[in-house]
Amino acid sequence: MKDYKWNTYIIFWLTQIISQLGSSMTSFALILWAYSKTQSAMSMSLMSFCNYLPYIVVSLFAGAFIDRHRKKMIILGADMIAALNTLVILLLLMIGKLELYHIYMVNAVTGVMNAFQGPATSVAIGIIVPKGQYEKASGMNSFSSSVLTVVTPMLATFIYGILGLKGVILVDLLSFIIAFVVLAGFIHIPEGLVSKECKKQTLLEGCKEGWMYLKEHKGIWYLVLSMTVANLFSCIGYENILPALVLTRSGGDEGILALVTGFIGFGGIIGGIAVTFIKFPSARIKVIYFSTAFSFLVGDILMGISRNAWMWCISAVATSVLIPFINAGINAIMYEKVPKEMQARVFSVRNALQNGTIPIGILLGGYLADYVFEPFMKADNQIVRFLERIVGTGKGTGMAVMFLCTGILGALFSVIWYRHKDIRKLD
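Positions within a chain are numbered from 1, following the residues in the order the chain's sequence is written. Local features in a predicted model are, by the rule used here, given only for residues with pLDDT of at least 70; side-chain atom pairs are given and counted only at 80 or more, and totals for whole chains, interfaces and linings are based on all residues. With hydrogens and water stripped out, all remaining heavy atoms of the structure feed into the side-chain values.

## Overview of the nonpolar core
- By size, the foremost hydrophobic cluster in this structure holds 54 residues, and its most contacted members are Tyr9, Phe12, Ile220, Ile285, Ile288 and Tyr289.
- Counting residues per element, this core draws most heavily on helix H4 (residues 100–128), which supplies 8 residues.
- Sequence-distant contacts of Tyr9, that is, excluding residues within four places in its chain, are made with Ile125, Ile128, Val129, Ala137, Met140 and Asn141.
- Counting residues in each nonpolar core, the second largest holds 27 residues, with Ile256, Ala309, Val384 and Met399 among its members. In this text, buried Ala, Val, Leu, Ile, Met, Phe, Trp, Tyr and Cys residues form a nonpolar core when linked through side-chain atoms within 4.5 Å. For every residue, the accessible area (1.4 Å probe, protein chains only) is compared with the maximum for its type, and the residue is labelled buried under 20%, exposed over 50%, or partly exposed between those bounds. Secondary structure elements are taken from DSSP: a helix is a run of H or I of four residues or more, a strand is a run of E of two residues or more, and numbering for both begins at the N terminus. Here, two residues are considered to be in contact whenever any of their heavy atoms come within 4.5 Å of each other.

Written out as structure tokens, the structure is:
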């Protein structure tokens, strides 16, 4: 029975990779298309913003719906609506009517669907995967996510260069059909009994119950809050100003940026393989927070003080190689501590909290870089001269100092959270 459930998970995992690859390629190709039309970085930011904002808002209320409905049907439904979205883009493109605001609208709908699909998929994994294999499954998810990070830009750019945006969308639709047919016809996701109270709950009541569960279970609550803070620092640095830092300090070399981005994915691949094939340490909390501290302290600080491509690549690996360990530890704790019948409500609120810092980090990072740190490093004072000994001189040094700040603060907060008594009790 255990082998059957694990084999079911393998098939489910593969179908999700196929579906995610198609969707990721379309998202990347739309960025290329939009930039070719506007030459505006703001248009890229708005595409992400229109996706994240609906996702965060809807995530708060999606849990109750997911807990009382079939997870498999929710995943299939979300995939189908996402595919229809893509089809709309294709039709508008074919008749020459595609505009940037259409992409914003489609991204918003996609964000709503992700708010349902993400928690439903997480709960489905908790049902399918045998107990004791959660870390291994999380490692495989991290591995596939990192592979997509490396492969998607190259494959999407290749197809886009030969067949254009239409070709990428057609490949996406083909991947959807394959994943949809396999999930619908060959994967069984058992459903537990839904209580009468859950059936009667409104979406607002479900959101409140998920929120109250986190608040009442202090260890999980503080674990979620700590990752929310870590996400904020990460969004300010690596997930926001990294491209600007590398391009500025490399003289606008896009090849170096692609290389550094690829090594971020490469580090995740190594970490994902390690989590999948080694026995995960029993002291999960120590693994989570020491890995987080290492990622910030070594990855961010090394990125700030480095001034050439290979040092940036080493920094990228140091940042990403332990992230699969962080995710695996957190997922295992959540699956084991949260009752299955409540997981969607709790996971939805958790996702809204942790991802709620992403738009804040995007806006805050850009503002701090352009209006605070870069102007500050142009001044002539003792602090600037001291910092220049560490990060060098010229354009981009303000952003380099920002990486020093996120590295120090991220590591410091990780150690503080690790020493929290309620978090320690989770082990």
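The rest of the description comes next.
## Thoughts on the pattern of salt bridges
- When a carboxyl oxygen of Asp or Glu is within 4 Å of a side-chain nitrogen of Lys or Arg, the pair counts as a salt bridge. For the structure on display, the rule yields 5 salt bridges.
- The closest approach of N and O atoms between Asp67 and Arg345, which form a salt bridge, is 2.5 Å. In this pair, Asp67 sits in helix H2 (residues 41–67) while Arg345 sits in helix H13 (residues 343–376), placing the two residues 278 residues apart along the sequence.
- The exposure class of Asp67 is buried, given its relative accessible area of 6%.
- Note on Arg345: relative accessible area 5%, which makes it buried.
- A salt bridge links Arg284 to Glu135; its shortest N-O distance comes to 2.8 Å. One end of the pair, Arg284, is in helix H10 (residues 284–305); the other, Glu135, is in helix H5 (residues 134–186), and 149 residues separate them in sequence. A single burial state applies to Arg284 and to Glu135, both of which are buried.
- One network of salt bridges, with partners in common, ties together Asp67, Glu209 and Arg345.

## What to know about the packing of H10 against helix H11 (residues 309–320)
- Geometry is summarised by axes, namely lines fitted to C-alpha atoms with helices restricted to the contacting stretch, and by angles between N-to-C directions that run from 0 to 180 degrees. Contact geometry for H10 and H11: axes closest at 8 Å, N-to-C directions at 165°. Comparing their axes, H11 and H10 come out roughly antiparallel. When you trace H10 past H11, the crossing you get is left-handed. Residues Phe294, Ser295, Val298, Gly299, Asp300, Leu302 and Met303 of H10 touch H11, and the partners they reach there are Met311, Trp312, Ile314, Ser315, Ala318 and Thr319.
- Counted by class, the contact of H10 with H11 contains 8 nonpolar, 4 polar and 1 charged residues. Under this scheme an angle from 65 to 115 degrees is roughly perpendicular, one under 35 degrees roughly parallel, and one over 145 degrees roughly antiparallel; angles in between are oblique. Helix crossings are classified by the rotation of the near helix relative to the far one: an anticlockwise turn of less than a right angle makes the crossing left-handed, while a clockwise turn makes it right-handed. Gly counts as polar in this scheme, as do all residues outside two lists: the nonpolar Ala, Val, Leu, Ile, Met, Phe, Trp, Tyr, Cys and Pro, and the charged Asp, Glu, Lys and Arg.

## Some thoughts on the side chain of Asn351
- With respect to the helices and strands, Asn351 occurs in helix H13.
- Among all residues touching Asn351, those that are not within four sequence positions of it are Tyr55, Pro119 and Gly356.

## Some points on the packing of helix H8 (residues 218–249) against H11
- At a minimum axis distance of 13 Å, the contact between H8 and H11 shows a crossing angle of 170°. The angle between H8 and H11 falls in the class roughly antiparallel. On H11, the residues touching Tyr238, Val246 and Arg249 of H8 are Trp312, Ser315, Ala316 and Thr319.
- When the residues that make up the contact of H8 with H11 are grouped by side-chain class, the tally is 4 nonpolar, 2 polar and 1 charged.

## A few points about H5
- Here H5 is 53 residues long, yet its end C-alpha atoms lie only 22 Å apart, well below the 78 Å a rise of 1.5 Å per residue gives.
- Consider a residue and the seven residues that end there alongside the seven that start there; fitting an axis to each set, the bend is the angle between those axes. Bending of H5 peaks at approximately 125° at the position of Leu163. Multiplying 1.5 Å by the helix residue count minus one yields the expected span of that helix.

## Some remarks on the state of the cysteines
- In this description, a disulfide is simply a cysteine sulfur pair whose atoms lie within 2.5 Å. Evaluated as defined, the whole model comprises 0 disulfides.
- Here Cys50 is not disulfide-linked; the sulfur of Cys235 is the nearest cysteine sulfur, at 17 Å.

## Things to note about the packing of aromatic side chains
- Only rings of Phe, Tyr and Trp enter the pairing, Trp through its six-membered ring, and a pair is recorded when the two centres are within 6.5 Å. The plane angle decides the type: under 30 degrees is stacked, over 60 is edge-to-face, the rest tilted. The full count for this structure, using the stated rule, is 14 aromatic pairs.
- Note on Phe176 and Phe180: the rings are 5.3 Å apart at their centroids and 50° apart in plane angle, and the pair reads as tilted. You can see Phe176 and its partner Phe180 sitting in helix H5, 4 residues apart, about one turn around the helix.
- Taking relative accessible area as the criterion, Phe176 reaches 18% and is therefore assigned buried.
- Each ring, one from Trp211 and one from Trp221, has its centre 5.4 Å from the other, and the planes form 70°; the classification is edge-to-face. Of this pair, Trp211 sits in helix H7 (residues 203–216) while Trp221 sits in helix H8, and the two are 10 residues apart along the sequence.

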